[in-house]
Amino acid sequence: MGSYVEQARENHVKKKVEEALRSKMKAKALMECDQYVSKYAQCATGRTFSVVWTCRKQARELNTCLHQFTNDNVLEEMKRAYMVQEEGKVSASAI
């Protein structure tokens, strides 16, 4: 039963790390796509329902840009980098 609890803790940590990596990925994407965010915000200012069809082009451009930085491949690469970093910490502390 002890191994089950230990495994549950590991999975919890992994989920927390993945959540943090996703958050970091989204923040980077918004920074990288800032010009598209601004264009969409300008278009949407003062609109309510009409934003859907009036700002369709800006929304599509923003989504295309964001998708370049927020996809499974990017997340997997961030996970790999995190694991390498963690392995480096473990190796350094073992010395």
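This section reports on the structure supplied with the text. A quick note: this is a predicted structure, and the numbers were derived from the prediction, not measured. Numbering of residues starts from 1 in every chain and runs along the sequence as written. Given that the model is predicted, a residue must reach a pLDDT of at least 70 before its local features are reported, and side-chain atom pairs must reach 80 or more before they are shown or counted; all residues, however, enter totals for whole chains, interfaces and linings. Hydrogens and water are ignored here; the side-chain numbers use all heavy atoms of the structure.

1. Brief notes about the overall build of the protein
Counting from the N terminus, the helices are the DSSP runs of H or I reaching at least four residues and the strands are the DSSP runs of E reaching at least two. Helix and strand counts for the protein stand at five helices and zero strands. Going from N to C terminus, the protein has its helices and strands arranged as α-α-α-α-α. For the protein, buried positions account for 15% of its 95 residues. For the protein, contacts bridging at least 24 residues in sequence account for 65% of all contacts bridging at least 6. Relative accessible area decides the class of each residue, using a 1.4 Å probe on protein chains only: under 20% of the type maximum gives buried, over 50% gives exposed, and in between gives partly exposed. Note on contacts: a residue pair is in contact if any heavy atoms of the two residues lie within 4.5 Å.

2. Points about the pattern of salt bridges
Take a side-chain nitrogen of Lys or Arg and a carboxyl oxygen of Asp or Glu: if they are within 4 Å of each other, that pair is a salt bridge. In the structure shown here, the tally under the stated rule is five salt bridges. Notably, a salt bridge pairs glutamate 77 with arginine 80, separated by 3.1 Å at the nearest N-O pair. Of this pair, glutamate 77 and arginine 80 both sit in helix H5 (residues 72–94), three residues apart, which is roughly one turn of the helix. On the basis of relative accessibility, which here comes to 44%, the residue glutamate 77 falls in the partly exposed class.

3. Re the environment of cysteine 33
Relative to the helices and strands, cysteine 33 resides in the loop between helix H1 (2–32) and helix H2 (34–44). The exposure class of cysteine 33 is buried, given its relative accessible area of 0%. When the C-alpha positions of cysteine 33 and leucine 62 are compared, they lie 7.0 Å apart, and in sequence the two are 29 residues distant. Residue contacts for cysteine 33: discarding those within four places in its chain leaves Leu62, Cys65, Leu66 and Phe69.

4. Here's the deal with the packing of H2 against helix H4 (residues 56–69)
Axis lines are fitted through C-alpha atoms, for helices just across the contact stretch, and the angle between N-to-C directions can take any value from 0 to 180 degrees. Close contact between H2 and H4 brings their axes to 9 Å; oriented N to C, the two are set at 155°. With respect to H4, the element H2 is oriented roughly antiparallel. Helix-helix and strand crossings are classified by hand; for H2 and H4 the assignment is left-handed. Contacts between H2 and H4 involve Tyr36, Val37, Lys39, Tyr40 and Cys43 from the former and Gln58, Ala59, Glu61, Leu62 and Cys65 from the latter. Its residues assigned to classes, the contact of H2 with H4 comprises seven nonpolar, one polar and two charged. The scheme is simple: roughly parallel for angles under 35 degrees, roughly antiparallel for over 145, roughly perpendicular for 65 to 115, oblique for anything else. Should the near helix be turned anticlockwise from the far one by less than a right angle, the crossing is termed left-handed; should it be turned clockwise, right-handed. Basically, the charged four are Asp, Glu, Lys and Arg, the nonpolar ten are Ala, Val, Leu, Ile, Met, Phe, Trp, Tyr, Cys and Pro, and anything else, Gly included, counts as polar.

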